[in-house]
2 protein chains.
Amino acid sequence: MKDQFYNYIQQLQDTITAKLESVDGKAKFQENLWQRPEGGGGRTRVIQNGNVFEKGGVNISAVHGELPKSMQHYFGVGNVDFFACGLSLVIHPKNPFVPTVHANWRYFEMYDKEGQIVDQWFGGGQDLTPYYLFDEDAKHFHSVCKRACDTHNPEFYPTYKKRCDEYFWNAHRNEARGVGGLFFDYCKQTDTMHMEDWYQFVTEVGDSFLEAYVPIVNRRKDLDYSQVQRDWQEIRRGRYVEFNLVHDKGTLFGLRTNGRIESILMSLPPHVQWRYDHQAEKGSEEERLIKVLMEPKQWV
Amino acid sequence: MKDQFYNYIQQLQDTITAKLESVDGKAKFQENLWQRPEGGGGRTRVIQNGNVFEKGGVNISAVHGELPKSMQHYFGVGNVDFFACGLSLVIHPKNPFVPTVHANWRYFEMYDKEGQIVDQWFGGGQDLTPYYLFDEDAKHFHSVCKRACDTHNPEFYPTYKKRCDEYFWNAHRNEARGVGGLFFDYCKQTDTMHMEDWYQFVTEVGDSFLEAYVPIVNRRKDLDYSQVQRDWQEIRRGRYVEFNLVHDKGTLFGLRTNGRIESILMSLPPHVQWRYDHQAEKGSEEERLIKVLMEPKQWV
């Protein structure tokens, strides 16, 4: 399963980076291969200063070895070996009307001293962070997520949509990071879902990513915007940074397993602002966004 | 002691904000009083868009009530009442040749069910974060710190200088946040240091702040700088954000005790950049700074 899934994410990285380059029309992804001293490594691909994409990364990694102490504590296990691989992407467009997007699909194995698998699971998801809210964009993104889920189990979309809203919650701000999407973790073998079924589900979500995001980019990338709207985007990107550095378990996992810092923190936006006590104007589009973020909606 | 120290930090806030306004010559501190639902509150003063200071806060707070669960765990105590007050300041100047400065002086009490003090201590410090390194500035800052310490105990400066280097360590970057200064915590009553002696020590450090920082500001605030130097400052400010959101216990304490978010996060810089895998040029001033941050120096 680990080879099958690692092959899949390698191909998916190629597909996604090729498509995003063609949408951008100017910038190309810069590739860095890296090795983790304790075992494994990754292929980082970053795009910067494009026509459409100001900064973004579409990274894969496969790491293995002894599970670090802090992760043993986190998973509540002893001194075991592990393997983890995944694709992580974050795209920060230049135009404030184009939402930021994040996606991640990952697979994890733990072994006993004889090298037998004692636990294995998939995880992942994809979620959208608009700076200005076009309801039709949120609906489109969620529709594609729902369609990818529904083939496998009609409960998946409502369950994983809810988990996404719960996970990407900026607790100290009392608001969601964005308008959500899907989030699932610890997808383990059951009587009805074998690992191969989970593989089919996770890869169907992975395959849906470009369809979920690219039409939104194309609709919004050429809209005119003002400096005030750009400032708002940079201020809201500050919330994105706060989530990723204070709350995000993926970032924490990367830091704790001695992943490559620049690959982990590629998720941070290129230009960010923090203004003291900045408030959206009453009745404005900016205020409407905040209200939706404070009470996640059903989009489909 | 709590009244005595709270009076002190109220006056120190007035002294510091008045002096910084006079150095800036344009912007004024904006004051916000806030109340904590569970008990206490604070007086936040923030300056923005000045001639010299792009963003900064000089805040006092005094909070009390039941110690929140997460802090009970942190301190290794049960369900107790607490009182905490302190002054926290972070100043982000506009000119990349003027360092960012941070300082904090605080006092903490814990009570048993009868309201008797069962534990009490002071903590605090001050530290400097340059974007371009002028050795004489680091030496000046540390000399003032040392002088404030030496009257009380010749061991204080070397001990608290070292703790500062250890505390403001951006572990995931393998570098210090800045060139350090002083950091002390859990300053409790001993045979040779009564709480009144600690009070004298902590207030002497507090009184030394303006002398430690303002001459540096005055020397550097009118130097010409290029866009490249400004970009470098904004990129390095990214490291400041990373430290405060990933590692800083003060920020964590604020978030865990339900402090006022905008007062806690006033420490975040106004404009920040993250570029993928940005490296300082070989032999440049930027590279020299990084080398010093990777191996903290003795400045006096």
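Note that residues are indexed from 1 along each chain, following the sequence as it is written. Each chain takes a letter, starting from A, and each ligand takes a number, starting from 1, following the order in which they are written. The predicted origin of the model limits local features to residues at a pLDDT of at least 70 and limits the giving and counting of side-chain atom pairs to 80 or more, whereas totals for whole chains, interfaces and linings rest on all residues. In computing side-chain values, all of the structure's heavy atoms are included and hydrogens and water are not.

A. A look at the sheet that holds strand E5 (residues 100-111) of chain B. Residue and element names in this part refer to chain B. Here the rule is simple: two strands pair whenever DSSP picks up at least two bridges between them. Helix and strand definitions follow DSSP, with helices as H or I runs of at least four residues and strands as E runs of at least two, each counted in order from the N terminus. Strand order in this open sheet of seven strands is E1-E2-E3-E4-E5-E6-E9, and the pairing throughout is antiparallel. Taken across any chain shown, the strands that pair with only one partner, and hence form the sheet edges, are strand E1 (30-35) and strand E9 (180-187). Ignoring which end each strand starts from, the neighbouring axes of this sheet average 5° apart. In this sheet, strand E3 (residues 53-66) lies alongside strand E2 (residues 40-48) in antiparallel orientation, the contact comprising seven bridges. Each bridged residue has a counterpart across the sheet, and for Arg43 the counterpart in E3 is Ile60. Axis definition: a line fitted to C-alpha atoms, over the contacting stretch in the case of helices. Angles run 0 to 180 degrees between N-to-C directions.

B. Focus on the packing of helix H1 (residues 2-24) of chain B against helix H5 (residues 195-220) of chain B. All names here are of chain B. Remark: H1 packs on H5, axes separated minimally by 11 Å, with the N-to-C direction vectors making an angle of 5°. Taken together, the axes of H1 and H5 lie roughly parallel to each other. Listed contacts from H5 to Gln4, Phe5, Tyr8, Leu12, Thr15, Ile16, Lys19, Leu20 and Val23 of H1 are Glu196, Tyr199, Val202, Thr203, Gly206, Asp207, Phe209, Leu210, Val214, Val217 and Asn218. Partitioning the contact of H1 with H5 into residue classes produces 12 nonpolar, five polar and three charged. Orientation categories follow fixed angle ranges, with anything under 35 degrees roughly parallel, anything over 145 roughly antiparallel, 65 to 115 roughly perpendicular, and all other angles oblique. Throughout, a residue-residue contact means that at least one pair of heavy atoms, one from each residue, lies within 4.5 Å. When residue character is reported, Ala, Val, Leu, Ile, Met, Phe, Trp, Tyr, Cys and Pro are called nonpolar, Asp, Glu, Lys and Arg charged, and the others, Gly included, polar.

C. A look at the relation of the copies chain A and chain B. The two copies are related by a screw operation: chain A maps onto chain B through 180° of rotation and 0.0 Å of translation along the axis, at an RMSD of 0.0 Å. What the rotation and shift describe, once combined, is the action of a two-fold rotation axis. The position closest to the rotation axis in chain A is occupied by the C-alpha of Val272 of chain A, lying 2.5 Å away. Here 100% of the contact residues of chain A are again contact residues in chain B; the copies associate through an equivalent surface. Copies are brought into register by a least-squares superposition over C-alpha atoms of residues with pLDDT of at least 70 in both.

D. Up close: the interface of chain A and chain B. Opposite the 30 residues of chain A that make contact, chain B presents 30 residues. In short, buried area is how much 1.4 Å probe accessible area vanishes from two parts on joining, totalled over both. Around 2,600 Å² of area is buried between chain A and chain B when both sides are counted, 57% of it from carbon and sulfur atoms. Of all residues in chain A, Glu262, Trp274 and Tyr276 of chain A bury the most surface against chain B, accounting for 33% of the area lost on that side. In what follows, salt bridge is the name for a side-chain nitrogen of Lys or Arg lying within 4 Å of a carboxyl oxygen of Asp or Glu. The interface formed by chain A and chain B holds four salt bridges in total. A salt bridge links Arg173 of chain B to Glu262 of chain A, with the shortest nitrogen-to-oxygen separation between them at 2.8 Å. By the criterion applied in these results, polar contacts are pairs of N or O atoms within 3.5 Å in which, for protein atoms, one can donate a hydrogen and the other can accept it, and in which residues neighboring in sequence qualify only through two side-chain atoms. Seen at the junction of chain A and chain B, the total is 17 residue pairs in polar contact (both at pLDDT 80 or more). At the level of secondary structure, the elements contributing two or more residues to the side of chain A that touches chain B comprise strand E1 (30-35), strand E2 (40-48), helix H6 (227-247), helix H8 (261-264) and strand E10 (271-273) of chain A. Among the elements that take part in the side of chain A that touches chain B, H6 of chain A stands out by supplying six residues, more than any other. Across three bridges, the pairing between E10 of chain A and strand E10 (residues 271-273) of chain B is antiparallel. What sits directly across from Val272 of chain A, in E10 of chain B, is Val272 of chain B.

E. Fine view of the side chain of Thr17 of chain B. Residue and element names in this part refer to chain B. Mapped onto the elements, Thr17 comes out in helix H1. In terms of polar contacts, Thr17 uses its side chain to reach the backbone carbonyl oxygen of Gln13, at 2.8 Å. In this structure, Thr17 is in contact with Phe29, Arg45 and Val58, ignoring residues within four places of it in sequence.

F. Geometry of unusual backbone geometry. Of note in this structure, Asn49 of chain A is not a glycine but carries a positive phi near 55°. Structurally, Asn49 of chain A is set in the loop between E2 and strand E3 (53-66). For Asn174 of chain B, which is not glycine, the phi torsion reads 55° and is therefore positive. A relative accessible area of 43% places Asn174 of chain B in the partly exposed class. The cut-offs for exposure are 20% and 50% of the maximum accessible area for each residue type, with area from a 1.4 Å probe on protein chains only; residues under the lower value are buried, those over the upper are exposed, and the others partly exposed.

G. How the structure looks around the packing of aromatic side chains. Stacked, tilted and edge-to-face are the three classes applied to pairs of Phe, Tyr and Trp rings, where Trp contributes its six-membered ring and a pair requires centres within 6.5 Å; stacked means planes under 30 degrees apart, edge-to-face means over 60, and tilted covers the rest. For the coordinates displayed, the defined rule picks out 58 aromatic pairs over all chains. Ring centres of Phe168 of chain A and Phe243 of chain A lie 5.4 Å apart, and the angle between their planes is 45°; this geometry places the pair in the tilted category. With Phe168 of chain A in the loop between helix H4 (156-167) and strand E7 (169-170) and Phe243 of chain A in helix H6, this pair connects stretches of sequence that are 75 residues apart. The same class applies to Phe168 of chain A and to Phe243 of chain A, which are both buried. Here the aromatic rings of Phe156 of chain B and Trp198 of chain B are separated by 5.4 Å at their centres, their planes lie at 15°, and the arrangement is stacked. One end of the pair, Phe156 of chain B, is in helix H4 (residues 156-167); the other, Trp198 of chain B, is in helix H5, with 42 residues separating them in the sequence. A relative accessible area of 7% places Phe156 of chain B in the buried class.

H. How the structure looks around the confidence of the model for chain A. Known as pLDDT, the predictor's per-residue confidence is scaled from 0 to 100. This prediction gives chain A a mean pLDDT of 95; 100% of its residues lie at or above 70. Two numbers describe this predicted complex: its pTM, 0.94, and its ipTM, 0.92.

I. Here's a closer look at helix H6 (residues 227-247) of chain B. A helix's residues, less one, multiplied by 1.5 Å, set its expected span. Between the first and last C-alpha of H6 of chain B there are 30 Å, a value that for 21 residues agrees with the 30 Å anticipated at 1.5 Å per step. With 16 of its 21 residues buried, H6 of chain B lies for the most part within the structure.

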